[in-house]
Structure formats: structure tokens, C-alpha cells
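Take a look at the letters that make up each chain.
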Amino acid sequence: MDFFWNFPLFSIVLSLFSGVLCMVLKPKAARYYTIIYQCFLIVLVSLVLWFTVTSGSQFTYPMGEFPAPWGNEIRGGVLEALVALIMLIVLLCSCTAGWHFLVIDIDESKINLYFSIINLLTAALMSLVWTNDIFTGYVFLEILTLTSCGILIVREIGRTTLAAVRYMVLNLLGSGLFLLGVVLLYSLTGHLLMVPMRAAVAEETPVKLCLRDRIKVIGLHEHIHGGVDAEFLEACAVGEFRLDVFTHMHDGIAVNDLKHLVDIGKAVIKHTVRCP
């Protein structure tokens, strides 16, 4: 494994560590530390971008000894490195240019907590960019929501508190829909990693996916004469009957029954499956 592959993980772990460290630092020390470590992260991500551009490749590696779906994976490429670099530059500009307004709007005793939240927000953004696991993305999406609300509430003004509550409600609604999508995709593909999930979805059309699950639930293929496979009934239903599928059934079936099977499959689509 190339040494540059470790830099995405370093950016996540260092951000989490910095979030805890800034809680015990003084306000100015927390500010200077945050600026220095974000510059260091920009250098790391720039090296990853240079490596992926010059090599023309991307990398994926698991974290820990547990395989998917229990383990996590890091995935890096040109797009991931470019997005991470843009985010870090924006955060650095916010920390350097907003200091004048920060000392006016926030109590001095809470400035270090503000930078602690900024560092945790950076960790959430880096995790969303580098992760290859969709459930890990959901977890850090929740962390991103909490840190974003914390940045608003830290000013302790009535309007900012109201805005934070509204932001929290809308994000909770969106994250709930996101989690529902994760559950549906996992039930259809059996994967939580994004690349295998995409490959599994690309192999199947929405009609085939919904029809396969519905056929297995009602057990329709078990009640047809000749012991027809669910795959054969599925092929008949979507109009993709082929001779090789027909000849490799368990017990075979009479040609006269083929029209009946096609009608049954179409009825399954019409009355029990509602797919685009």
C-alpha cells in the first residue's frame, strides 16, 4: 500500500483529535492551532490530489480486520481529493477572515468551543468525502448536522437559536429519508459499500428487483406445474424469455404452458408490483 493512501485517514483522525484538544486551549491558542492544522490538512490533501492525478488511478482499502458490511473502507481519487481540498480552503478562509466578527458576536470564554466545533465539522466533512461506506456517511451526516447547529447556537441570539431549531428539524427529516434509502438499497443489493452497491444496482432493472422480491414472497414459482424457477418466471414476466433459460429448468415444461406462464408473469407485474 502506498504511503499516500494513509493521508485521508490522517485528515479524519487529526480533525477529531483537534476537536477535543481545542476544548482545553485558550481562545487565541485554539484559533492559531486550528489555522495551523488546517494548513497541514491542505498540504496532505494536495499531495493526495497530486498522487491521483499523476498516477491516473484511485485507491480503496478497508479499515480494520472486519469485512463489509461491518467494516469501513476509505476510497480516494481525483474527485474526492479535489472536493476535500476545496472544503478545507473554505474553512481556512472562514477561520482567518472571520476573527474580527467572532470576538464581537461570541463570548470570549466560548471561542475555544467554537473552534472545537469547527474541527469536528471538518472531521465530518472529511469522512463524508473519503468514506466508501454509505452507512458511515449517514453517521457523519448526523454529526455534521449537530456541529452546524452548534455553530449557530453559540452566538446566543434569539434569531440564531430559531434558525438552528429550523435547521435541525429540516436536517432530521432529510437524514431520516436518507436512512430509509440506505435500508432499501441494502435490502435490494446486500451491500453497504458504494462501489459494490452501484454494480449490483446496474445489473438489475427496477422491475426485475421488485418482481424478484415479490415472487419470493408469494412463492408463485412453487405452485406452477413443472417446477419452474423464479428466474424463469421473472424472465417471462418482463418479456425476456430465452431458449437457454427454458432448456435449463429443473424438470422442463410443456411448450403449451409457456403462454400461460407469460400471462401469469404479466399479471404479477400488473396487480402486485408497482415499479417504474
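Residues numbered from 1 in each chain as written. Predicted model: local features only at pLDDT ≥ 70, side-chain atom pairs only at ≥ 80, totals over all residues. Heavy atoms only, no water.

### Considering the packing of aromatic side chains
One pass over the full model with this rule turns up 14 aromatic pairs. Ring centres of Phe3 and Phe10 lie 6.5 Å apart, and the angle between their planes is 65°; on these two criteria the pair is classed as edge-to-face. Residue classification places Phe3 among the exposed positions, given a relative accessible area of 55%. For the pair Phe4 and Phe51, a centre-to-centre distance of 5.2 Å together with 15° between the ring planes defines the contact as stacked. Residue Phe4 is found in the segment before helix H1 (7–21), and its partner Phe51 is found in helix H2 (residues 27–55); the two are separated by 47 residues along the sequence. By relative accessible area, which is 13% here, Phe51 ends up buried. Feature note: the residues Phe3, Phe4, Phe7, Phe10, Trp50 and Phe51 constitute an aromatic cluster, connected by ring pairs. (Phe/Tyr/Trp six-rings, centres within 6.5 Å; stacked < 30°, edge-to-face > 60°. Buried < 20%, exposed > 50% of the residue type's maximum accessible area, 1.4 Å probe, protein only. Helix = DSSP H or I, 4+ residues; strand = E, 2+ residues; numbered from the N terminus.)

### Thoughts on the state of the cysteines
Scanning the entire structure with this criterion turns up zero disulfides. In this model Cys39 remains outside any disulfide bridge; the closest cysteine sulfur is found in Cys93, 9.8 Å from its own. When its relative accessible area of 34% is taken as the criterion, Cys39 is described as partly exposed. (Disulfide = S-S within 2.5 Å.)

### So, the nonpolar core
Judged by nonpolar contacts, the single largest core of 39 residues is most densely connected at Leu102, Tyr114, Phe115, Met126 and Trp130. Looking at this core, the elements that each hand over two or more residues are H1, H2, strand S1 (59–63), helix H3 (78–97), helix H4 (99–105), helix H5 (111–130) and helix H6 (134–153). With residues up to four places along the chain from it excluded, the contact list for Phe115 reads Cys22, Pro27, Ala30, Arg31, Thr34, Cys95, Trp99 and Leu102. (Core = buried A, V, L, I, M, F, W, Y, C linked by side-chain atoms within 4.5 Å. Contact = heavy atoms within 4.5 Å.)

### Describing the layout of surface pockets
Roughly 150 Å³ of volume is contained in the second largest pocket. Taken together, Arg75, Glu80, Leu128, Val129, Trp130, Thr131, Asn132, Met194, Val195, Arg198 and Ala199 make up the full set of residues lining the second largest pocket. Going through the elements one at a time, H5 and helix H8 (194–203) are the ones with two or more residues in the lining of the second largest pocket. No other element matches the four residues that H8 contributes to the lining of the second largest pocket. (1 Å grid on protein atoms, 1.4 Å probe; cavity = no way out; pocket = protein on both sides within 12 Å on 5 of 7 lines; lining within 4 Å. Points joined across faces, edges and corners; volume = space filled by probe spheres on them.)

### Focus: the confidence of the model for the protein chain
The pLDDT averaged across the protein chain works out to 76; a share of 71% of its residues lies at or above 70. Segment residues 271–276: pLDDT under 50, and eleven contacts once partners within four positions in sequence are set aside and those in other chains are kept. (pLDDT = per-residue confidence, 0-100.)

### A word on the pattern of salt bridges
Taken as a whole and assessed by the stated rule, the structure comprises one salt bridge. The salt bridge involving Arg75 is made with Glu80; its shortest N-O contact spans 2.8 Å. (Salt bridge = Lys/Arg side-chain N within 4 Å of Asp/Glu carboxyl O.)

### Brief notes about the packing of H5 against H6
Across the interface, H5 lies against H6 with an axial gap of 9 Å and an inter-helix angle of 155°. Taken together, the axes of H5 and H6 lie roughly antiparallel to each other. As for the relative orientation of H5 and H6, their crossing is left-handed in sense. Here Tyr114, Ile117, Ile118, Leu120, Leu121, Ala123, Ala124, Leu125, Ser127 and Leu128 of H5 come into contact with H6, specifically with Gly137, Phe140, Leu141, Ile143, Leu144, Thr147, Ser148, Gly150 and Ile151. (Axes fitted to C-alpha atoms, helices over the stretch in contact; angles between N-to-C directions. Parallel < 35°, antiparallel > 145°, perpendicular 65-115°, else oblique. Left-handed = near helix turned anticlockwise from the far one by under 90°.)

### Some details on the side chain of Asn112
Here Asn112 shows up in helix H5. Here Asn112 falls in the buried class, since its relative accessible area comes to 9%.

### Topic: the packing of H1 against H5
Between H1 and H5, the least distance of the axes is 7 Å, while the angle of their chain directions is 160°. As summarised for this structure, H1 and H5 are arranged roughly antiparallel, according to the angle between their axes. The interaxial crossing formed by H1 with H5 has left-handed handedness. Touching Pro8, Ser11, Ile12, Ser15, Leu16, Ser18 and Gly19 of H1 are Ser116, Asn119, Leu120, Thr122, Ala123, Met126, Ser127 and Trp130, all from H5. Here the residues of the contact of H1 with H5 sort into seven nonpolar, eight polar and no charged. (Nonpolar A, V, L, I, M, F, W, Y, C, P; charged D, E, K, R; others polar.)

### Regarding H2
Relative to the 42 Å expected for 29 residues at 1.5 Å per residue, H2 spans 42 Å between its end C-alpha atoms, a close match to the ideal helical length. Two residues or fewer after H2 comes Gly56, characterised by a positive phi angle close to 65°. (Expected span 1.5 Å × (residues − 1).)

### Description of a nonpolar patch on the surface
A contiguous nonpolar surface patch, about 410 Å² in accessible area, is contributed by Leu173, Leu177, Leu180 and Leu184. Tracing the chain through its elements places Leu177 in helix H7 (residues 158–189). (Patch = residues over 30% accessible without salt bridge, like charges linked within 9 Å, V, L, I, M, F, W, Y side chains within 5 Å. Areas by Shrake-Rupley, 256 points an atom, 1.4 Å probe, with all protein chains shown as cover.)

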